[in-house]
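Here are the chains, one letter per residue:
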Amino acid sequence: MANVKIPDSVLVGPEGTKLKAWGSSKELSAVGKPRPKIGAQEKVTGSAIYAYDVQLPRMLYAAVLSSDRAHARIAALDTRKAEALPGVRAVLTYKNIEPVKWEQEGNILRDTVGYVGEPVAAVAAETEEIAYDAIHLIAVKYDPLPSVIEPLDAMKPGAPQLQKAGNVWQGKPVIYKRGDVEKGLKEADIVYEQTYTTSVQHHTTMELHGCVVQWDRDGLTVWDSAQGVNQVRDQLASRFNLPVNKVRVICKYVGGGFGSKNSAKHYHGLAALLSKRTGRPVKLFNTREDEFPVSRHRPKTIQTLKAGVKKDGTLVALYHKAIGQCGPYLDGAALGARATGDGTKSLYLCPNLMTEAYSVHTNTPLLAPTRGPGDTENLFALEQFIDELAEKVGINPLEFRKKNYAEVDQPHDNHHYSSKGLDRCYDMAAKAFGWGQKAKASAPHKKRGIGMSSLIWHGNRTEKSQAGVIIQPDGTAEVVAGIASLGVGAETIFTQIAAEELGMKMESVGIRWGDSSSTPYTINTSSGSRTTAIAGPAVRAAAADARHKLLKAAARLLGIKPTEIATLSIKDGVISTGDQSKKISVAEVARKQGRELIIGTGHRPPNPEDMAIEIFGAQFVEVEVDEQIGEVKVLRAVTAIDCGRWINPLLAESQIQGGFIQGMGMALSEERIMDSRNGIQLNANLHEYGMPTSLDVPDTNLALDPEVIDASNNINAKGLGEPPLVGAGAAIANAIYNATDIRVRDYPITPNRIVQALKERSSGTRQG
Amino acid sequence: MRKNIDDTLKPHPAVKSSEEGSLSQGLAARFSRRGFLKGLGSSVIVTAAASTGLVSTPKVEAYVPPVGEGLQTRALRLKVNGLLYRLEVEPRRSLADVLRKELGLTGTKISCNRAECGACTVIMNGKTVYSCTTLAVRANGKEITTVEGLAQGNKLHPIQEAFIESDAYQCGFCTPGVLVACKALLDRNPRPTRAEIKLALSGNLCRCAAYNHIFAAVEAAAKKL
Amino acid sequence: MKSFQLIDARSPQEAASLLNKYKGKAQPLAGGGDLLYLMKDRIEGRQIQMPDVLVNLESIPKLDSISYEKGKGLKLGAMALVSDVEANKTIRERFPILAQAAAEVASPQLRNMGTVGGNLCQKPRCWYYRNAHLPCLKKGGSTCYALEGDNRYYHAILEGGPCYIVHPSDLAPALIALNSQVALVGPKQSRTIPLESFFVNTKQNLYQENVLKPDEIVQEVSVPEPKEGSRGFYLKSRIRKSWDFALASAAVQMEIAGGVCRDCRIVLGGVAPLPYRAKDAETALKGKKINEQVALKVAEEALKAAQPMSMNAYKVDLAKTLLKRAVLQAGKV
């Protein structure tokens with residue numbers, strides 16, 4: 001594939017100048033280099049302070065009493081014993097809570113509960129132990145209300161209706177259509193239909209959800225475990241009716257987010273109100289058990305796919321129905337996590353296509369975007385289905401996917417892509433993997449198999465962003481960015497981008513972030529794999545502005561006419577004319593500036609209107625299966641992702657390896673197990689909710705860069721945080737099938753499901 | 001009638017530093033202005049010196065939480081990272097919680113509080129254990145190493161350097177526990193195979209799943225030992 | 001957790017006396033891996049209360065010892081660490097099935113904290129039992145929630161009912177396969193019984209998985225020296241390769257000569273409320289030359305009484321496969 005030409009609008013620079021279009025990363029000096037992360041020292045010495053570590057003088061500890069009923073009215077609530085316990089400073093319930101409009105829920109604490117895990121009361125006490133002792137002294141009596149737990153049950157007539165419009169969100173599915181699916185099916189040589197299910201996957205961040213809040217006369221200060229400092233700040237200001245300049249959110253490091261820490265949740269509100277009431281800082285962190293409902297999760301889905309293909313493998317019709325479970329309501333945070341059919345619309349060339357997505361209300365906890373929401377669930381189903389189609393037609397799964405390659409973005413007026421390196425990904429990954437040859441198993445009762453998947457992840461939409469670059473008096477630079485640091489390395493790549501634009505060594509560029517008051521708005525929160533693509537170009541623009549100002553100052557000092565500034569360049573912190581006859585260091589220019597610092601600010605130019613932006617990739621997996629005991633070992637994974645330019649290959653590799661493993665967890669061991677009689681999660685702990693351990697991960701976990709230069713922004717990058725999960729599940733399921741001829745269409749593919757499937761196959765009761 | 005909890009507070013014997021006279025940065029952090037600022041989440045990058053520096057301030061009062069009326073405490077001698085601390089805590093307090101609160105050593109994290117994730121891993125009398133499921137009073141007199149004990153002043157342990165070079169961490173929250181488990185491994189087996197590394201780390205979860213880089217970091221560190 | 005007093009015992013008898021003194025309000029504290037978990041979750045009911053007193057067993061000298069006497073066998077103190085059992089050279093050489101089982105327990109850190117006694121006395125992993133909000137049968141309530149609920153992983157296919165837990169221990173099947181004895185100490189008396197008789201099913205005792213009296217503790221497990229030419233094997237199936245409890249496990253210890261099984265003991269784990277001694281399977285194996293067919297028959301016999309619940313029928317095949325493989329592995333010359 002040829003790189004798409006970068007439009008001028010994307011390269012707009014300060015005062016009518018134009019930024020340089022970066023070519024191959026090999027030609028760059030800071031961008032594209034594998035630099036270790038900033039903040040490394042703090043993290044490896046244990047001195048990094050997370051919100052969970054914050055200890056303030058006179059701080060109180062808060063604990064929350066959660067509902068153990070799926071749907072009930074609180075008939076009686078007695079907190080007297082809790083209040084009387086020595087050391088308890090405040091108890092909040094629906095009876096005494098200040099009126100706060102907390103999104104759709106009404107107030108934070110209500111007199112009804114709609115799922116197990118909904119907060120009922122909150123206590124602030126001198127110590128954590130006293131707070132939890134107090135929780136256990138609160139007596140609650142519930143009057144049960146009709147409840148429904150399973151989405152298919154909720155869709156049946158006669159099910160308790162949880163919303164006015166019924167149990168289907170908005171009363172109807174979200175439908176997308178192009179062409180005529182029925183007609184396409186008639187024209188097909190082969191028609192095939194299949195159903196798949198995916199389970200609830202939890203974020204299970206290592207740092208629990210919570211915050212430390214101080215509400216005093218100066219305003220509201222929140223030390224938050226968050227994916228950004230601005231969204232929570234804006235939401236708290238709005239809900240508590242405070243001016244934004246009286247609300248401050250601080251988050252330098254967060255111990256994992258994966259989509260669960262984007263928005264203000266009830267624990268922010270409870271901690272804030274407890275602080276206001278007691279006049280002291282309050283620390284409120286969930287227990288691990290409460291994490292499961294409180295931090296939310298991705299939906300359980302039931303997906304039906306139906307397709308028509310020609311004998312030669314051409315897709316002529318595709319229908320994808322997704323039913324996703326959601327809680328009793330969909331608030332702002334939950335909307336982004338709904339079941340959709342998005343990836344299916346774009347991934348393969350198909351003129352007749354329909355997606356139908358239902359979100360079904362049940363008395364289960366609320367949703368929040370979970371790393372790769374929507375497309376992860378979709379492709380776990382779609383990419384197994386594609387393999388099944390390929391088999392029906394008798395074509396190699398890789399060839400089948402290539403055959404139906406879409407050059408343009410079909411759902412968006414057939415716009416060309418800002419880049420699409422999927423073909424490169426297929427070829428690179430297939431070659432590195434050695435696609436086509438199944439290896440010999442390591443023991444007679446084991447079987448080896450290989451499988452693959454495409455992946456797609458929606459690229460960013462145009463968003464505003466700004467950043468700053470300060471040239472300090474000694475000539476070192478400091479990027480100012482209003483982000484939190486999730487550990488993926490955004491703060492690090494920003495310094496690389498700034499260094500590249502400034503022409504300075506990476507070591508001379510630092511960064512400050514993590515405080516809504518002193519590091520202004522750069523992104524609302526780091527989610528959707530957007531930070532690099534949204535904030536990165538703003539950082540480059542800010543660096544360009546600082547650079548421009550530096551060159552103007554240098555020009556004055558070197559006696560160069562302002563009209564000839566374009567002849568100056570900066571390399572390794574030295575500004576020189578084209579013929580090298582005149583030079584001055586950045587440090588010298590800064591020194592001469594004295595106290596009038598050069599400060600660059602930059603805004604992100606909008607995305608080109610006529611381009612579609614999507615992230616693509618291919619994943620290949622080798623497994624070894626001991627089918628009689630249902631044990632699956634992932635031996636090798638090879639992932640190639642076209643996310644545009646890899647700003648830092650070391651960090652990109654971490655994302656791809658880690659993301660694949662998280663997808664592997666969803667494919668093989670992670671599942672919310674809930675009793676559908678009462679809506680209680682049975683495995684709300686970290687050993688029965690099984691994340692992969694060191695013994696479960698593949699030793700070979702390759703990350704390949706197809707070296708795509710994207711045209712939609714000035715750093716040519718698209719986003720990487722989430723795509724690596726998207727193809728993992730189907731690649732593994734397809735490999736299991738390749739090894740054993742057993743198709744398991746219900747994720748996670750746990751040993752019991754394989755042993756069960758094996759039994760059904762040998763007794764002839766299993767379909768396919 | 002129950003008395004107000006504040007009434008039950010008598011001046012406890014202050015937590016005394018050892019005779020060496022220096023304190024971990026955690027204790028100093030609670031009461032020094034720099035530490036107070038650190039607790040406020042200052043947005044300036046913490047330099048190497050500030051983040052690992054030992055402050056020699058003898059006999060500083062450590063954090064003494066109130067104890068509920070009628071609840072007993074037990075005297076405790078904790079030897080952590082080569083320093084001796086004398087405390088009194090309720091028997092139900094976990095070692096992890098006491099390390100973090102009373103001693104200010106917040107490197108050790110509590111993530112599941114049920115011995116199911118490894119974030120609280122410390123070395124106790126030479127063995128890795130989950131400090132969340134170890135009663136503080138049962139750590140009495142035992143030698144404890146936390147992540148804060150890996151570096152010598154500003155000199156990082158090879159495993160810490162290897163973690164930085166290999167990008168063997170992402171969010172970093174599991175990292176202290178993983179580092180401690182790595183150190184315990186390398187102390188008893190300086191040339192571990194890949195299989196031995198994976199087994200030694202099989203009691204530490206990393207949700208960001210930095211496992212592949214972690215294994216590489218241990219192998220790199222082993223070469224330098 | 002609720003606050004408690006910790007009292008250091010200086011001898012097994014003193015520990016037992018303290019349990020007696022505090023009459024049901026005291027519990028012995030071994031490694032803490034299970035008890036502290038239950039206390040943090042406040043798992044209580046009519047038949048189970050949160051203790052006010054914990055009797056510290058770590059303060060009892062020599063209770064953690066592992067000793068071996070040639071010809072006589074092995075003695076494991078109740079406080080012997082699982083990691084010490086796993087690493088012990090003599091155990092690896094002479095009682096390999098026990099070392100294998102110890103290696104399968106939990107995670108490295110828990111093996112460094114967990115004890116032999118604690119592993120044998122641990123409470124079940126049934127998620128209804130371990131849910132503080134549900135008054136299940138075992139806790140003194142009136143309902144077994146697993147019967148019509150989610151019973152896919154840690155519920156019984158053998159000897160289940162009225163409560164359907166499975167015993168989660170890895171050490172127990174191996175130790176019973178080795179024909180171990182266990183010494184129990186009360187305030188005034190001790191008794192030594194076969195380890196197999198230590199465990200009970202839920203018909204025999206709904207509330208407790210073993211025969212310990214409220215004022216007794218486990219003092220020691222003694223393992224007789226296996227006869228010359230003995231081989232043993234422990235196989236465990238689980239979802240993840242660390243931490244997870246057995247979906248099913250099989251312990252086979254046999255005396256073998258010339259490829260023929262002279263004598264054997266077969267115990268299954270993760271399938272019944274107690275470690276399940278498969279006597280019919282032993283009968284099918286004794287005196288036979290070990291081959292695929294025999295191993296298959298042994299497996300069939302072991303599981304023939306299986307009564308799967310609504311979601312755990314796969315355990316029958318799983319256990320059969322594990323047992324078959326363990327027999328073949330133990331039978332390899």
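Residues numbered from 1 in each chain as written. Chains lettered and ligands numbered in written order. Predicted model: local features only at pLDDT ≥ 70, side-chain atom pairs only at ≥ 80, totals over all residues.

**Section: the overall build of chain A**
How we decide: Numbered from the N terminus, helices here are DSSP runs of H or I no shorter than four residues, and strands are runs of E no shorter than two. Only C-alpha atoms enter the radius of gyration; for comparison, a globular chain is expected to reach 2.2 Å times N to the power 0.38, where N is the number of residues. Whether a residue is buried, exposed or partly exposed follows from its count of other C-beta atoms within 10 Å of its own C-beta, namely 20 or more, 12 or fewer, or something in between, respectively; the C-beta atoms are built from the backbone. By definition, residue pairs are in contact when their C-beta atoms, positioned from the backbone, come within 7 Å.
For chain A, the helix and strand inventory stands at 20 helices and 31 strands. Taken over the C-alpha trace, chain A has a radius of gyration of 27 Å; the compact-globule value for 768 residues is 27 Å, and the two agree within 12%. Principal-axis analysis of the C-alpha atoms places the extent of chain A at approximately 90 × 75 × 50 Å. For chain A, the residues scored as buried account for 65% of the 768 residues in total. For chain A, restricting intrachain contacts to residue pairs at least 6 apart in sequence, the fraction spanning at least 24 positions comes to 80%.

**Quick notes on the sheet that holds strand 19 (residues 466-471) of chain A**
Residue and element names in this part refer to chain A. We apply this condition: Pairs of strands are assigned from DSSP output, requiring at least two bridges between the strands. Helix axes are fitted only over the stretch in contact, all axes being lines through C-alpha atoms; the angle between N-to-C directions runs from 0 to 180 degrees.
Pairing is mixed in the open sheet, where 4 strands are placed in the order 21-20-19-25. Each having just a single partner strand, strand 21 (509-513) and strand 25 (598-603) make up the two edges of the open sheet. Each neighbouring strand pair of the sheet contributes to a mean axis angle of 20 degrees, computed without reference to strand direction. Judged from the 5 bridges that link them, strand 20 (residues 477-481) and strand 21 form a sheet pairing that is parallel. For Ala-477, the partnering residue across the bridge sits in strand 21 and is Val-509. On the sheet, helix 15 (residues 531-558) packs against strand 19, strand 20 and strand 25 and is oriented at approximately 145 degrees with respect to strand 25.

**Considerations on the sheet that holds strand 16 (residues 408-409) of chain A**
Residues and elements named next belong to chain A. Strand order across the open sheet formed by 3 strands is 16-17-26, with mixed pairing between neighbours. For this open sheet the edge positions go to strand 16 and strand 26 (611-612), each flanked by a neighbour on one side alone. Two strands pair when backbone bridges link them, and strand 16 and strand 17 (residues 415-417) are joined in this way by 2 bridges, in the antiparallel orientation. If you follow Asp-409 over to strand 17, its bridge partner there is His-415.

**Considerations on the domain arrangement of chain A**
A common measure of how large an interface is: the accessible area buried when the components associate. All names here are of chain A. To be explicit about the condition: Domains are outlined according to an automatic or database domain assignment. Residues are sorted three ways: Asp, Glu, Lys and Arg are charged, Ala, Val, Leu, Ile, Met, Phe, Trp, Tyr, Cys and Pro are nonpolar, and all the rest, Gly among them, are polar.
The domain boundaries assigned to chain A delineate domain 1 (11-30 + 462-509 + 522-603), domain 2 (51-66 + 72-145 + 204-294), domain 3 (148-195 + 302-399) and domain 4 (407-461 + 611-768). Between the C-alpha centres of domain 1 and domain 4 the distance comes to 38 Å. With 21 residues of domain 1 at the interface, the matching set in domain 4 holds 20 residues. Looking at the side of domain 1 that touches domain 4, the elements that each hand over two or more residues are helix 14 (490-502) and helix 15. The biggest single contributor to the side of domain 1 that touches domain 4 is helix 15, with 6 residues. Per-class residue counts for the side of domain 1 that touches domain 4 are 9 nonpolar, 9 polar and 3 charged.

**Structural notes on the domain arrangement of chain B**
All names here are of chain B. When cut into domains, chain B gives domain 1 (5-149) and domain 2 (158-224). Counting residues at the interface gives 15 residues for domain 1, matched by 11 residues for domain 2. At 3 residues, strand 3 (residues 121-124) tops the list of elements feeding residues into the side of domain 1 that touches domain 2. Its residues assigned to classes, the side of domain 1 that touches domain 2 shows 6 nonpolar, 8 polar and 1 charged.

**Thoughts on the environment of Gly-68 of chain B**
Residue and element names in this part refer to chain B. Here Gly-68 is to be found in the loop between helix 3 (48-52) and strand 1 (74-80). The buried category is assigned to Gly-68, around which 20 C-beta atoms lie within 10 Å. A C-alpha to C-alpha distance of 26 Å links Gly-68 and Leu-84, two positions 16 residues apart in sequence.

**Some points on the nonpolar core**
Residues and elements named next belong to chain A. Under the convention used in this document: Note on definitions: a nonpolar core is a set of buried residues drawn from Ala, Val, Leu, Ile, Met, Phe, Trp, Tyr and Cys, linked by C-beta atoms within 7 Å.
Core analysis: the biggest nonpolar cluster contains 418 residues, and Ala-62, Val-123, Ile-732 and Ile-736 have the highest contact counts within it. Per-element tally for this core: the top contributor is helix 15, with 15 residues. Those residues in contact with Ala-62 that lie beyond four places of it in its chain are Ala-122, Val-123, Ala-124, Ala-131, Leu-270, Ala-271, Leu-274, Val-282, Lys-283 and Leu-284. In terms of nonpolar packing, the next biggest core, distinct from the first, is built from 7 residues, Ile-6, Tyr-417, Ala-612 and Ala-711 among them.

**A closer look at the interface of chain C and chain B**
Across the contact, 19 residues belong to chain C and 24 residues belong to chain B. At the level of secondary structure, the elements contributing two or more residues to the side of chain C that touches chain B comprise strand 1 (5-8), helix 2 (35-40) and helix 6 (108-113) of chain C. Considering every element that reaches the side of chain C that touches chain B, the biggest residue donor is helix 6 of chain C, with 5 residues. In terms of residue class, the side of chain C that touches chain B is made up of 9 nonpolar, 8 polar and 2 charged.

**Details of the environment of Val-10 of chain A**
All names here are of chain A. Residue placement: Val-10 occurs in the segment before helix 1 (40-45). Judged by the 23 C-beta atoms lying within 10 Å of it, Val-10 falls in the buried class. Counting along the chain gives 423 residues from Val-10 to Phe-433, while the straight-line C-alpha distance between them is 36 Å. Beyond its immediate sequence surroundings of up to four residues, Val-10 is in contact with Pro-605, Pro-608, Ser-712, Asn-713 and Asn-714.

**Thoughts on the interface of chain B and chain A**
Counting residues at the interface gives 60 residues for chain B, matched by 66 residues for chain A. If you list the elements that add at least two residues to the side of chain B that touches chain A, you get helix 2 (33-39), helix 3, helix 5 (158-166), helix 6 (175-188), helix 7 (194-200) and helix 8 (211-224) of chain B. Here the element with the most residues in the side of chain B that touches chain A is helix 5 of chain B; it accounts for 4 residues. Grouping the amino acids of the side of chain B that touches chain A by side-chain chemistry returns 27 nonpolar, 18 polar and 15 charged.

**A closer look at unusual backbone geometry**
Cis geometry marks the peptide bond from Tyr-747 of chain A to Pro-748 of chain A; its omega dihedral reads 0 degrees. By the element assignment, Pro-748 of chain A lies in the loop between helix 19 (728-740) and helix 20 (751-762). With omega at -5 degrees, the peptide bond leading from Gly-161 of chain C into Pro-162 of chain C counts as cis. One can find Pro-162 of chain C in the loop between helix 7 (116-121) and helix 8 (171-177). Positive phi, normally seen in glycine, also occurs at Glu-15 of chain A, with a value near 50 degrees. Tracing the backbone through its elements, the reader meets Glu-15 of chain A in the segment before helix 1. Overall, Glu-15 of chain A belongs to the exposed group, with 9 C-beta atoms counted inside 10 Å. Although it is not a glycine, Arg-42 of chain C adopts a positive phi angle of roughly 50 degrees. Inspection of the secondary structure puts Arg-42 of chain C in the loop between helix 2 and strand 3 (53-56).

**A short note on helix 17 (residues 649-668) of chain A**
The condition is simple: Here, expected helix span is obtained from the residue count minus one, scaled by 1.5 Å.
Taking 1.5 Å per residue as the helical rise, helix 17 of chain A with its 20 residues ought to reach 28 Å, and the 28 Å between its terminal C-alpha atoms agrees with that figure. With 18 of 20 residues buried, helix 17 of chain A is to be regarded as a mostly interior element.

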